[in-house]
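Analysis of the macromolecular model
Listed below, chain by chain, are the residues.
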Amino acid sequence: MELNQVIMERRSLRAYKEGQKVEKELIEEMLRAAQAAPSWKNSQTARYYVAMSEEMVESIRETCLPEFNRNNCAGAPVLIVTAFVKSRSGFDREGNAVNELGDGWGCYDLGLANENLVLKAKDLGLDTLIMGLRDGEGLRKLLHIPENQEIVSVIAVGRGAAEPEMPKRRELEQIAVFY
Ligand SMILES: Cc1cc2nc3c(=O)[nH]c(=O)nc-3n(C[C@H](O)[C@H](O)[C@H](O)COP(=O)(O)O)c2cc1C
């Protein structure tokens, strides 16, 4: 797919076709796209926990997602929990934050990587939903995610059963200032 088409046609999908598998190779391609993203001093602190078995996907849905998102990702065969290693991106060798954003930079890097991930999914004919409403500590326990990682989002991956329109975007004048 052409880049601009991927960017414009990616949507957050809240309806998935039931009973459709997503091959591990496709998830690996998405993860490689995520890895190609820039990061602070190439620190590469993004981490991914990929639930592909029915049992694990169900456990995450049932125990770590609020009802709203449990419904939104129903039928999606893969859930990817995204996290980043704390106190590295945006920190110096002594472990001091380089500026006021602190671990905001780790979150920034993860966001860049995750955008690559969801765009690559679209390119491969898959749909995604990034979910920020989730129980982080529940995910930590369930997936044994170490304490030095901040758990950020859960990304559902599957084949969409709807074709939503792009939600309205602001005008350029509202988001950008030219000097
Ligand atoms: C950080 C982040 C958290 C989000 N959390 C949720 C969520 O918990 N549940 C949900 O249904 N959508 C969630 N979304 C999806 C947004 O609502 C969606 O991206 C936005 O409405 C724009 O729609 P689009 O992705 O189709 O362009 C989230 C998106 C982002 C980037």
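Further up the page is the structure itself.
Report on the accompanying structure. Computed from a predicted structure; not experimentally measured. (Residues numbered from 1 in each chain as written. Predicted model: local features only at pLDDT ≥ 70, side-chain atom pairs only at ≥ 80, totals over all residues. Heavy atoms only, no water.)

Before going further, it helps to examine a nonpolar patch on the surface. A surface patch of nonpolar side chains, about 360 Å² in accessible area, is lined by Leu3, Ile7, Met8 and Met166. Within the fold, Met8 resides in helix H1 (residues 3-9). (Patch = residues over 30% accessible without salt bridge, like charges linked within 9 Å, V, L, I, M, F, W, Y side chains within 5 Å. Areas by Shrake-Rupley, 256 points an atom, 1.4 Å probe, with all protein chains shown as cover. Salt bridge = Lys/Arg side-chain N within 4 Å of Asp/Glu carboxyl O. Helix = DSSP H or I, 4+ residues; strand = E, 2+ residues; numbered from the N terminus.)

Lining the immediate environment of the ligand, one finds 14 residues, of which Arg11, Ser12, Arg14, Asn69 and Arg169 sit closest. Relative to its unbound accessible surface of 620 Å², the ligand loses 65% to contact with the protein. Looking at the shell around the ligand, the elements that each hand over two or more residues are helix H4 (67-72) and strand S3 (127-131). Partitioned by chemical class, the residues of the shell around the ligand number six nonpolar, four polar and four charged. (Near = heavy atom within 4 Å. Nonpolar A, V, L, I, M, F, W, Y, C, P; charged D, E, K, R; others polar.)

As a further point, take unusual backbone geometry. What is expected of a backbone is that most residues other than glycine have negative phi and most peptide bonds are trans. In this model, Lys41 sits at a positive phi of 45 degrees, which is unusual for a non-glycine residue. Locating Lys41 in the fold gives a position in the loop between helix H2 (24-35) and strand S1 (46-51). Even without being a glycine, His144 presents a positive backbone phi close to 55 degrees. His144 sits in the exposed class, given a relative accessible area of 68%. (Buried < 20%, exposed > 50% of the residue type's maximum accessible area, 1.4 Å probe, protein only.)

Don't take any of this as a statement about function, it's just geometry.
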